[in-house]
Amino acid sequence: MSGQKVVDLFCGAGGASLGFVKSGYEVVGAVDADKKAVETYKKNLCCADSVVDELPGDISFDEPLRADLSRGYEDKGVDDELEAVTFDDIRSHFDIKPGEVDVICGCPPCQNFSSLRDTEPWPEDKPKDNLLRAFVEFVEEEVPEVVFFENVRNIMTAGEQAASTYVDWLTRSMESITREGDSDKEGGYGYSLEVLNAADYGIPQKRNRTIGLFAYGMDSDDIALPEPTHTEEPTPESGLESWVTVSNALRNHEDLKHDLESGEKQVGIQGYPDDPEHRARRHQSRTIERMKAIRRHGGSWRDLIDTDDENYIVDAHDGLERGATSAYGIMNGEEPAPTLTTRCTTPSCGRFTHPEMNRGITFREAALLMTFPRWFKLPSKNDAAERVVGNAVPPELVQVLASHIELLLSKE
Ligand SMILES: C[S@@+](CC[C@H](N)C(=O)[O-])C[C@H]1O[C@@H](n2cnc3c(N)ncnc32)[C@H](O)[C@@H]1O
């Protein structure tokens, strides 16, 4: 297969798009508001002599559209100058005919997430989350065969009432969408919506995300997400493989200089090919001392409690009570990485210190743990580089899901 056509909304730097292309789909349009993400997508996936040409699928445009997908509903995170687009605008921009899109892929950030802790149910006709509302309206405009949805885990697991209200609104809205001329019975999206751990699909990262597959006119009982292929402790009976660890994922790349120091970059280093993405943030000497102390005592700042290195906790965490549990933690090389966030190369922001070196993981290492291929280029600015990586859906996870979606498409 497949040549099935995908539009990627909230495309970021293209993690999800790349997964679809690796699985044989043609991505015919992609939209995001983030300038750096759009530039990164273009640089990697749209250029004429791109490695993408050798992949089974295709990207059929020269650059993603940088636009506001909030449909004019309030989105504080987005540049006011950006145009708010409809699906019709997206079709015109990419020269797509109505009804031509097989799959809409969408990862709308859950912007009002904190409000999910409210105990009040949302009014049926007005979801509190504007981007979720906008996303459903895009689907209503095109009504493709399949909708792929990705979101944070907590939309399923936050306070029962709040989470179920978010999810209920989404599934109810999707169930009631019908194409012109179809009866209620013929139309509506059946769905499967679950929290998946990327590590269970061979991704070297424990990343729990809500994944939804919606298929038009299908019964939800006939839709399932793919079964895991990997597990933490496989048994011969399970037929599953072991989780892929950080060491497995990084050690495959022999041409990466693994003993890079804080502030060092793999450019002009004798014996290694240049890789500007393989650069470690420069840390203050006090930070490096803290990493060493944490490594001596275990792997987490909590291991410093009641030791003669306790002073390293206090200045980092403004007192024990308020310290974030994983800050300055050392990544365990023998496990999949923890969830990489948009601060995933910054040790103070999570368990992002390299398993063996006293530095944060490099941008290249973060990208590899997200299953971006080795050739994938990142923004030269550090904050933008870690943001586009941490925001991504792992391409190899999407590849698995995209192959599974083919089964749904072939049932139509
Ligand atoms: C979870 S990330 C998507 C990651 C992407 N699917 C990938 O795999 O690389 C969410 C994206 O939504 C974008 N975004 C947030 N608000 C937006 C808006 N109003 N219009 C367009 N894009 C928006 C962000 O810039 C971010 O790239």
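The structure displayed is predicted, hence computed values, not measured ones.

Caption draft 1: Inspection of the overall build of the protein at higher detail. When its secondary structure is counted, the protein shows twelve helices and twelve strands. Expected size for 412 residues packed as a compact globule is a radius of gyration near 22 Å; at 22 Å, the protein falls within 12% of this value. Referenced to the eigenvectors of the C-alpha coordinate spread, the extents of the protein come out at roughly 75 × 55 × 50 Å. Counting across all 412 residues of the protein, residues that qualify as buried make up 54%. In the protein, which carries 44 positive and 77 negative side-chain charges, the distance between the mean positions of the two groups comes to 8 Å.

Caption draft 2: Seen up close, the domain arrangement of the protein. Per the domain assignment, the segments making up the protein are domain 1 (5-232 + 393-411) and domain 2 (254-373). Contacts between domain 1 and domain 2 engage 13 residues on the former and twelve residues on the latter. Summed over both partners, the interface of domain 1 with domain 2 buries about 1,100 Å², with 59% contributed by carbon and sulfur atoms. When the area that domain 1 buries against domain 2 is broken down by residue, the three leading residues are P204, Q205 and K206, summing to 49%. Remark: the boundary between domain 1 and domain 2 carries one salt bridge. Between K206 and E335 there is a salt bridge, with its nearest N and O atoms 2.9 Å apart.

Caption draft 3: Looking closely at the site of the ligand. The local shell around the ligand holds 22 residues, among which D32, D68, L69, D75 and V393 are the closest. Between an oxygen atom of the ligand and a main-chain N or O atom of G15, the distance comes to 3.1 Å. Between the ligand and D32 there is a distance of 2.7 Å, counted from an oxygen atom to a side-chain nitrogen or oxygen. Coverage of the ligand by the protein chains reaches 91% of its 600 Å² of free accessible surface. Considering only residue class, the shell around the ligand consists of 13 nonpolar, five polar and four charged.

Caption draft 4: Layout of the pattern of salt bridges. In total, this model carries 26 salt bridges according to the counting rule given. A salt bridge links R251 to E356, with the shortest nitrogen-to-oxygen separation between them at 3.0 Å. Placement of the pair is R251 in helix α7 (residues 246-251) and E356 in the loop between α9 (311-317) and α10 (363-369), with a sequence separation of 105 residues. The exposure class assigned to R251 is partly exposed, which follows from its relative accessible area of 44%. Classification of E356 by relative accessible area gives partly exposed; the value is 47%. In this structure, a network of salt bridges that share partners links the residues D255, D275, E277, R364 and R374.

Caption draft 5: Geometry of helix α11 (residues 382-391). Listed in full, the buried residues belonging to α11 are A384, A385, E386, V388, V389 and G390. Contacts made by the buried residues of α11 are with α2 (35-46), β12 (275-279) and α10.

Caption draft 6: Focus on α2. Here α2 is twelve residues long and its end C-alpha atoms lie 15 Å apart, about the 16 Å a rise of 1.5 Å per residue gives. Close packing links the buried residues of α2 with α1 (15-22), β2 (26-32), β3 (58-59), β4 (65-66) and α11. In this structure D34 caps α2, since a side-chain oxygen of it lies 2.9 Å from the backbone nitrogen of K36.

Caption draft 7: Molecular detail of the environment of G24. Inspection of the secondary structure assignment puts G24 in the loop between α1 and β2. For G24, a relative accessible area of 3% puts it in the buried group. A C-alpha to C-alpha distance of 8.5 Å links G24 and S403, two positions 379 residues apart in sequence. The contact partners of G24, leaving out residues within four places of it in the chain, are S2, G3, P56 and G57.

Caption draft 8: Representation of the nonpolar core. Membership of the largest hydrophobic core comes to 100 residues, with the highest contact counts inside it found for L9, F20, I90 and L340. Viewed by domain, this core spans two of them, domain 1 (5-232 + 393-411) and domain 2 (254-373), each represented by three or more residues. Leaving out residues up to four positions away in the same chain, L9 has contacts with V31, L69, I90, I104, C105, G106, C107, F135 and F138. The next biggest cluster of nonpolar side chains, apart from the first, holds nine residues, and it includes I294, W301, I313 and Y328.

Caption draft 9: Spatial organisation of the pairing of β2. With six of seven residues buried, β2 lies mostly within the body of the structure. In this structure, strand β1 (residues 5-9) lies alongside β2, joined through five bridges in parallel fashion. In the sheet register, K5 faces β2, and the bridge partner there is E26. Across two bridges, the pairing between β2 and β3 is parallel. The partner of E26 across the bridge, within β3, is D58.

About the cut-offs
- Residues numbered from 1 in each chain as written.
- Predicted model: local features only at pLDDT ≥ 70, side-chain atom pairs only at ≥ 80, totals over all residues.
- Heavy atoms only, no water.
- Helix = DSSP H or I, 4+ residues; strand = E, 2+ residues; numbered from the N terminus.
- Rg over C-alpha atoms; globule rule 2.2 N^0.38 Å.
- Buried < 20%, exposed > 50% of the residue type's maximum accessible area, 1.4 Å probe, protein only.
- Lys, Arg positive; Asp, Glu negative; His and termini not counted.
- Charge placed at Lys NZ, Arg CZ, Asp CG, Glu CD.
- Domains from an automatic or database assignment.
- Contact = heavy atoms within 4.5 Å.
- Buried area = accessible area lost by both parts, 1.4 Å probe.
- Salt bridge = Lys/Arg side-chain N within 4 Å of Asp/Glu carboxyl O.
- Near = heavy atom within 4 Å.
- Polar contact = N/O pair within 3.5 Å; in protein donor to acceptor, adjacent residues only side chain to side chain.
- Areas by Shrake-Rupley, 256 points an atom, 1.4 Å probe, with all protein chains shown as cover.
- Nonpolar A, V, L, I, M, F, W, Y, C, P; charged D, E, K, R; others polar.
- Expected span 1.5 Å × (residues − 1).
- Core = buried A, V, L, I, M, F, W, Y, C linked by side-chain atoms within 4.5 Å.
- Pairing = 2+ DSSP bridges.

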